[in-house]
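Residue-level structural notes
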Amino acid sequence: MKVYKDFIRQAVDEDLASGRFDHVHTRFPPEPNGYLHIGHAKAICISFSIAKEYGGKCNLRFDDTNPSKEEREFVDSIVEDVRWLGFEWQGPFFASDYFERLYELAEQLITKGSAYVCDLTPDEVRVYRGTLTEQGKNSPYRDRSVEENLDLFRRMRAGEFPDGSRTLRAKIDMASSNINMRDPVMYRILHREHHRQGDKWCIYPSYDWAHGLEDSIEGITHSLCSLEFEDHRPLYDWFIDELGVYHPRQIEFARLNMTFTVMSKRILRALVESGLVEGWDDPRMPTLCGLRRRGYTSDSIREFCDKIGVSKADSIVDIALLEHCIRTELNLSAKRLMAVMHPIKLIIDNYPEGQIEWLDAVDNPEDENSSTHKIPFSRELFIERDDFTANPPKNYFRLSPGAEVRLKHAYYVTCTGYKTDVAGEVTEVHCDYDPESRGGGTPDGRRVKGTLHFVEANNAMPCRIRLYDRLFTRANMIELEPGKEVNDYFNADSLELIDALAEPELASLPIGGRIQLLRHGYFIVDKDSEGDFKVLNMTVSLKDTWAKIQQKGG
RNA sequence: UGGGGUGUCGGCAAGCGGUAAGCCAACGGGUUUUGGUCCCGUCAUUCGGAGGUUCGAAUCCUUCCACCCCAGCCA
């Protein structure tokens, strides 16, 4: 059998075959300045899975080279999220632990005449850099002696100069067509406290200078990152070659985009700070903590990452694929329960008053050996408002005058009438039941087209249901319409709160328990639940072909 | 108008000179004590366009077009 391998795995195969490397060691290097989202999950799955498949290891490394943006809180949440995803890492490591080594290497580069201290201001640096079409020009400080550079650099470290007054730059080529090679900054002066180093440093390495060396120090073989670093690869290679240290291979892939949502940390942060969502773990957010609270499993997210593949083409994955992954899993594992969201009373006139029966309900019909639980049944029930209509449209299988339906796990009932209030709203539905149909089948084997869920009136458990919809109203949030901004597409109906009634079994569910609410969707018991009063977050709805038919009809 | 990339079904994505996988979506039909699940079927004569090489091209060559990324002392 031929196993398909994406271009990265093909490259790894080649490297192993050619002897460039004799093992595989990857890394996932988040900057601790925000929460992980599903786009990171893609990157995590790629690096960790490849390492695992080749019998190698994967490091979790925090790229904490910028003290003004990084926080401890994010380190903790990232660790938690990667662990939740189910991967085992080496470490965690911190780029900041290599600061001393990086500093030594910088002095080496200076000694070699390949780096210099530059006194240009940020504005001047920009001017000297040139533009995309015009080459830059050399800094007037480019030809300082090694001794002067070493002295200045040491004094930079010693804190003698203010922020922004000087930088250490690589001496490469100001005429390069690749702007990244035009004497990039290696160190900037930042008198800022570092979350792990405290006030030990006042110069901090830049990404380009640090990243390849972090990989080199850790013995990484394949440094997998996203497309925007393709332009930086020549620089990644240059530093390593110039220093003559171990040389990992950087390979770039396209980052994940998904319909109806955004992956931008900036925008996500704005949603949180503006209060449009309730936090980083709001179940509408594409963050891993948000998806977790929404009820997504780590398995389903890994399955999703596997299904979307890896390539270098910019793309936007249909969020329906993510939903498909979680539905597939939960269909097999979630216990079925009944709850009515928009109740209307159903009275069974020929059922003995005061009688209550406890019927058996299968927990999961997908499982042959499924356990069961008891559900109450009596003369008064609640059914879904949508499950009754006085004027049934074509192909309406539910209750309407004269129609017979099955009450799930219980009895067949035939509608005998209904009452309305002064406004004409239906207030209660009446029916007769067939005592022979106990359990939901009849001796004569007659069929009914509709099966409704219900809740017994006296044992109904109030609960709070949170229905979620897509975060934004536009599928492609990368290209917006002229004059519009992200917030214009925020889906104001993305959260709907419902006070529902559920069967008593709901009380037995722990926080984090996942269920299917029959004919509605999959839900998870939220931590906001208090005792028997459960708060349920909708993970994803069930497919609804009836709704689809209705939409088409008008 | 510099450099680096990418263009295969509505959305992802295989294909690596031998005659277009798969998944999601969509659409038919069957089964069904969830209008769920499951099952069956339909869904690119065509691979950004145009030339060329070849018995044969999505795959090689030429050329054109479109889109993405880069001018932070962010990563």
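Let me begin by describing the structure that accompanies this report. (Residues numbered from 1 in each chain as written. Chains lettered and ligands numbered in written order. Predicted model: local features only at pLDDT ≥ 70, side-chain atom pairs only at ≥ 80, totals over all residues. Heavy atoms only, no water.)

Turning next to the packing of aromatic side chains. Within this structure, the stated rule accounts for 22 aromatic pairs. An aromatic cluster is built from F99, Y103, F153, Y187, W201, Y204, W209, W238 and F239, whose rings are joined through pairwise contacts. Taking the ring centre of F94 as reference, the NZ or CZ of R196 above it sits at 3.5 Å. One cation-aromatic arrangement involves R292 over W84; the distance from NZ or CZ to the ring centre is 4.8 Å. (Phe/Tyr/Trp six-rings, centres within 6.5 Å; stacked < 30°, edge-to-face > 60°. Lys NZ or Arg CZ within 6 Å of the ring centre and 35° of its normal.)

Judged by pairing direction, the sheet is mixed, and its seven strands sit side by side in the order β19-β16-β17-β18-β12-β15-β20 without closing on themselves. Both outer strands of the open sheet, β19 (451-452) and β20 (454-456), are each paired with one neighbouring strand and no more. Pairing between strand β12 (residues 343-348) and strand β18 (residues 426-434): four bridges, direction parallel. Bridging across to β18, K345 finds its partner in E428. (Pairing = 2+ DSSP bridges. Helix = DSSP H or I, 4+ residues; strand = E, 2+ residues; numbered from the N terminus.)

We now examine the pattern of salt bridges. Scanning the entire structure with this criterion turns up 52 salt bridges. One salt bridge in this structure joins D281 and R293, with 3.3 Å as the shortest N-O distance. Here R293 lies in helix α10 (residues 288-294) and D281 lies in the loop between α9 (265-274) and α10, a separation of 12 residues in the sequence. On the basis of relative accessible area, D281 is assigned to the partly exposed category, the value being 22%. Given a relative accessible area of 18%, R293 falls into the buried group. In this structure, R470 engages E323 in a salt bridge whose closest nitrogen and oxygen atoms are separated by 3.1 Å. Residue R470 is found in the loop between β21 (461-468) and β22 (495-502), and its partner E323 is found in helix α12 (residues 319-333); the two are separated by 147 residues along the sequence. Judged by relative accessible area, which is 15%, E323 ranks as buried. (Salt bridge = Lys/Arg side-chain N within 4 Å of Asp/Glu carboxyl O. Buried < 20%, exposed > 50% of the residue type's maximum accessible area, 1.4 Å probe, protein only.)

As a further point, take the protein's contact with RNA strand B. Around RNA strand B sit 69 residues, and of these R336, R398, K408, G439 and T545 come closest. Here the atoms of RNA strand B within 4 Å of the protein split so that 65% fall in sugar or phosphate, with bases taking the remainder. Here a base oxygen of RNA strand B sits 3.0 Å away from a polar atom, N or O, in the main chain of F397. (Near = heavy atom within 4 Å. Polar contact = N/O pair within 3.5 Å; in protein donor to acceptor, adjacent residues only side chain to side chain.)

Glancing now at the side chain of N491. Of note, N491 is situated in the loop between β21 and β22. Judged by relative accessible area, N491 falls into the buried class, the value being 8%. A distance of 2.9 Å separates a polar side-chain atom of N491 from the backbone oxygen of R470.

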